[in-house]
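Tertiary structure, described
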Amino acid sequence: MQRYSPLSFALGVATVDPQSPDFDPEPLGAHVHALGLPWFWERQDIFARAQKHLGRPSYCSFCARMRRGVLYACARREGYNVIALGQHLDDFAESFFMSMFYNGELRTMKAHYAVREGDLRVIRPLVYCRERQTRAYAEAEGLPIIIENCPACFRHPTERQRMKELLAAQEERDPRLFKQLLRALAPLMAREMPA
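Residues numbered from 1 in each chain as written. Predicted model: local features only at pLDDT ≥ 70, side-chain atom pairs only at ≥ 80, totals over all residues. Heavy atoms only, no water.

Let us look at the overall build of the protein. Along the backbone of the protein there are seven helices and five strands. Each helix and strand of the protein, placed in order from N terminus to C terminus, yields the pattern β-α-β-α-α-β-α-β-β-α-α-α. Pairs at least 24 apart in sequence give 70% of the contacts found in the protein among residues at least 6 apart. Taken as a whole, the protein presents about 12,200 Å² of accessible surface, with 54% of it coming from carbon and sulfur. (Helix = DSSP H or I, 4+ residues; strand = E, 2+ residues; numbered from the N terminus. Contact = heavy atoms within 4.5 Å. Areas by Shrake-Rupley, 256 points an atom, 1.4 Å probe, with all protein chains shown as cover.)

With that settled, consider the side chain of T108. Along the chain, the position of T108 falls in the loop between α4 (89–103) and β4 (112–114). Once you skip the residues sitting within four places of it in the chain, T108 turns out to touch F92, S95, F96, L185, L188 and M189.

Among the nonpolar cores identified, the biggest contains 17 residues, and L167, F178, L181 and L185 are the most heavily contacted of them. Those elements giving two or more residues to this core turn out to be α4, α6 (159–173) and α7 (177–190). Considering each element in turn, this core owes the most residues, seven residues, to α7. Among the nonpolar cores identified, the runner-up in size contains 16 residues, and F62, A75, I83 and Y113 belong to it. (Core = buried A, V, L, I, M, F, W, Y, C linked by side-chain atoms within 4.5 Å. Buried < 20%, exposed > 50% of the residue type's maximum accessible area, 1.4 Å probe, protein only.)

Of the pairings in the sheet, the one linking strand β1 (residues 13–17) to strand β2 (residues 39–43) comprises five bridges and is parallel in character. Across the sheet, A14 pairs through a bridge with F40, a residue of β2. Each parallel crossover has a hand, and the one from β1 via helix α1 (residues 26–34) to β2 is right-handed. (Pairing = 2+ DSSP bridges. Right-handed = clockwise from strand over helix to strand, strands pointing away.)

Quick look at the packing of α4 against α7 now. Across the interface, α4 lies against α7 with an axial gap of 10 Å and an inter-helix angle of 70 degrees. Between α4 and α7, the angle is such that the two are roughly perpendicular. Of the residues in α7, those touching α4 at L89, D90, F92, A93, F96 and F97 are F178, L181, L182, L185, L188 and M189. Across the contact of α4 with α7, the residue classes tally to 11 nonpolar, no polar and one charged. (Axes fitted to C-alpha atoms, helices over the stretch in contact; angles between N-to-C directions. Parallel < 35°, antiparallel > 145°, perpendicular 65-115°, else oblique. Nonpolar A, V, L, I, M, F, W, Y, C, P; charged D, E, K, R; others polar.)

Taken as a whole and assessed by the stated rule, the structure comprises 13 salt bridges. Notably, a salt bridge pairs R76 with D119, separated by 2.6 Å at the nearest N-O pair. One end of the pair, R76, is in helix α3 (residues 60–78); the other, D119, is in the loop between β4 and β5 (121–123), with 43 residues separating them in the sequence. Accessibility expressed as a relative area gives 35% for R76, which makes it partly exposed. (Salt bridge = Lys/Arg side-chain N within 4 Å of Asp/Glu carboxyl O.)

Next up on the list: the packing of aromatic side chains. Throughout the structure, instances matching the rule amount to four aromatic pairs. Aromatic ring contacts, followed pair by pair, group F96, F97 and F101 into a single cluster. Taking NZ or CZ as reference, R43 lies 3.7 Å from the ring centre of W41, over its face. (Phe/Tyr/Trp six-rings, centres within 6.5 Å; stacked < 30°, edge-to-face > 60°. Lys NZ or Arg CZ within 6 Å of the ring centre and 35° of its normal.)

On to the packing of α4 against α6, then. Geometry of a packed helix pair, given as the angle between the helix axes and the separation of the axes. Interaxial distance between α4 and α6 falls to 9 Å at its minimum, and their mutual angle equals 110 degrees. Comparing the axis directions of α4 and α6 gives the class roughly perpendicular. Two packed elements cross with a definite hand, and for α4 against α6 that hand is right-handed. The segment α4 lies against α6, with D91, A93, E94, S95, F97, M98, F101 and Y102 engaging E159, R160, M163, K164 and L167. For the contact of α4 with α6, the per-class residue count stands at seven nonpolar, one polar and five charged. (Left-handed = near helix turned anticlockwise from the far one by under 90°.)

Below, the structure is given as structure tokens:
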């Protein structure tokens with residue numbers, strides 16, 4: 001894409017390492033370097049901080065905010081102005097139900113937005129892809145697969161996992177579920193909702 005685009009742009013890859021003993025992004029680094037791209041391995045002790053929040057019904061949003069903050073700092077330090085995150089449609093749906101169940105809000109992640117300071121844009125280009133599609137592509141292409149890097153996911157059940165199971169059960173009953181969810185979520189993904 002970089003070779004054919006009329007716009008000139010540089011790519012870099014950042015991985016947030018939450019300092020969990022079970023997380024090893026090393027295979028990803030080797031792959032990124034083989035592509036000739038810079039790799040920024042951002043080590044932050046999110047794991048220890050997350051331990052303080054394990055008593056809450058859902059601490060996924062805490063960890064996500066922490067990781068995004070690390071990515072924002074990395075992008076600014078390295079001179080990038082757009083951050084592409086890898087969340088897919090399943091992530092958007094899970095976030096919607098978690099927000100509704102635990103915060104009483106009709107919200108989900110945004111597909112595209114500018115950060116409050118205005119110096120960075122965040123995009124989620126896989127918004128229309130299902131998790132199973134991204135997994136199948138990674139396996140077919142022999143890409144390195146790194147296990148979940150959410151610190152709390154390693155040894156504790158999470159609300160995100162419960163949402164994943166709830167949606168899988170519903171999808172089994174109605175295979176059109178994610179098509180319908182995408183239609184319902186599209187307005188929420190596109191704009192900020194009033195408080």
